[in-house]
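A closer look at the structure
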Amino acid sequence: MNIFANVKLIKDLDHSLATTNLAAWVAIITFWLSDFCINIYMAPLRTLVTDNISSHQQMDAMSWFSVFGGIGGVAAFGLGSITSNVRIIYFVGSMLIALSSIATMVMVRDGQTLRAVGRTDAIDRDKRSISRNSGQLLWTAATDIWEGIVQCPIYVWKLMLPQFLMGCACVPLWRYGTHFYGESIFHGTVTEDNEGSEAYNTYQKGVRYGNLALCISGVICLVTSWLIPKWFAHGTNYATIRLFWCVSYLMFGAFLCIAPYALTDNVTIFLIVQSCADGLSKASFHIFGWVYVSQYAQQFDPHNAGLMLSIFNLCQCFPQIVMSFITSILLNTLQLDIAALLFVGGVFGVLSALSLFFVDDKVGGAHHKTRSDDEQKIEMNPLISNKDDV
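Here the structure is a predicted model, which is why all the values come from computation and not from measurement. (Residues numbered from 1 in each chain as written. Predicted model: local features only at pLDDT ≥ 70, side-chain atom pairs only at ≥ 80, totals over all residues. Heavy atoms only, no water.)

Thoughts on the overall build of the chain
Counting its regular elements, the chain contains 16 helices and zero strands. Counting over 390 residues, the chain shows a buried share of 43%. Excluding contacts between residues fewer than 6 apart, the proportion of contacts in the chain whose partners are at least 24 apart in sequence is 76%. Carbon and sulfur atoms make up 66% of the accessible area of the chain, which amounts to about 20000 Å² in all. (Helix = DSSP H or I, 4+ residues; strand = E, 2+ residues; numbered from the N terminus. Buried < 20%, exposed > 50% of the residue type's maximum accessible area, 1.4 Å probe, protein only. Contact = heavy atoms within 4.5 Å. Areas by Shrake-Rupley, 256 points an atom, 1.4 Å probe, with all protein chains shown as cover.)

Details of the environment of V219
Positionally, V219 belongs in helix α11 (residues 198-231). Between the C-alpha atom of V219 and that of V74, which follows or precedes it by 145 residues, the distance is 6.2 Å.

Quick look at the pattern of salt bridges
If the charged atoms of two oppositely charged side chains come close together, the side chains can form a pair. Inspection of every chain in the model, using the stated rule, returns one salt bridge. Between D278 and K282 there is a salt bridge whose closest N-O contact spans 3.4 Å. Of the two residues, D278 and K282 are both situated in helix α13 (residues 267-300); the distance of four residues between them amounts to about one turn of the helix. On the accessibility criterion, D278 (0% relative accessible area) is buried. With relative accessibility at 12%, the residue K282 sits in the buried group. (Salt bridge = Lys/Arg side-chain N within 4 Å of Asp/Glu carboxyl O.)

Here we look at unusual backbone geometry
Even without being glycine, H187 reaches a positive phi, approximately 60°. With respect to the helices and strands, H187 occurs in the loop between α10 (154-185) and α11. The phi dihedral of Q335 falls on the positive side, at around 60°, and the residue is not glycine. Checked against the element boundaries, Q335 lands in the loop between α14 (305-333) and α15 (338-355). Accessibility expressed as a relative area gives 59% for Q335, which makes it exposed.

Set out below in structure tokens:
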């Protein structure tokens, strides 16, 4: 991340085309590595929750992931709203990633937690895996992921669809939102030779407002994430959860479709509407799908919980690749503007809301047909802790 933040220094050493291309490649590679580091530990941390937390505590546990994600968003985008110095922003981000990763490795004792819940089989399997060489490990991991994708239960696939579509909806705003503020709302411009000009300063002001909007959405996300286990507790049925889930996604999709064309004249209204729509949908995005996949894995296939959650994590990573391809076509080939790109994201948001109606809490019931209806409801709804709540 620090290399990426200072990549402009490479270009400034020499203005030749070769040096400019080198700077671009360094930026691409280092940005990919930073994104890779962020995504690689998401599934393992979620798997720790699946392994060690009881069924009726899954919602509380997953909500805290979203709470701290919201705190991180507030800190990061708050810093971006204060300063536009990329080096400072990326230095702080890289230090936080390094320190939090070290703290996690020091504090989490995977073997001890697994023994505490009687999962000695997982410890033995990990020891056998360590004894293999790295080539075999990579091949085994690739084979396991492919088999997991092919054999993934239909219930999980139905949860993956809205997660993937919502991931595609989020990418345009998260990637181009601040640029939209600077260029389309504040009407500033930024080029290589206008640094310090009024147009450049206006653009930077818009970028800071864009970061402020994302910072406020982080506040809404963390507050909503903290409240969700309290709102949907003690026997809340899936229909009620799906209603909130669907409305939050639908709000986000509608905002992206309408606001870039209708609300750009009033930055305050645009900022407030974006913050609410983004914050609510972000909380749903980081909680509900993960809870139900984790619950399913814990009940029906605990030995492959990590694999199942890793596959589900692809629904948050793969949209970045898909939307990069789509945005390349829209911006470079069709010569469309950022508003059109946000509109496409909004379409994905609406589709993600509609796809939630293909998911219900009865899909997993076929695995335990001999059990009573109450027991099936308890198993497939992580918000029900006992029969008295059914």
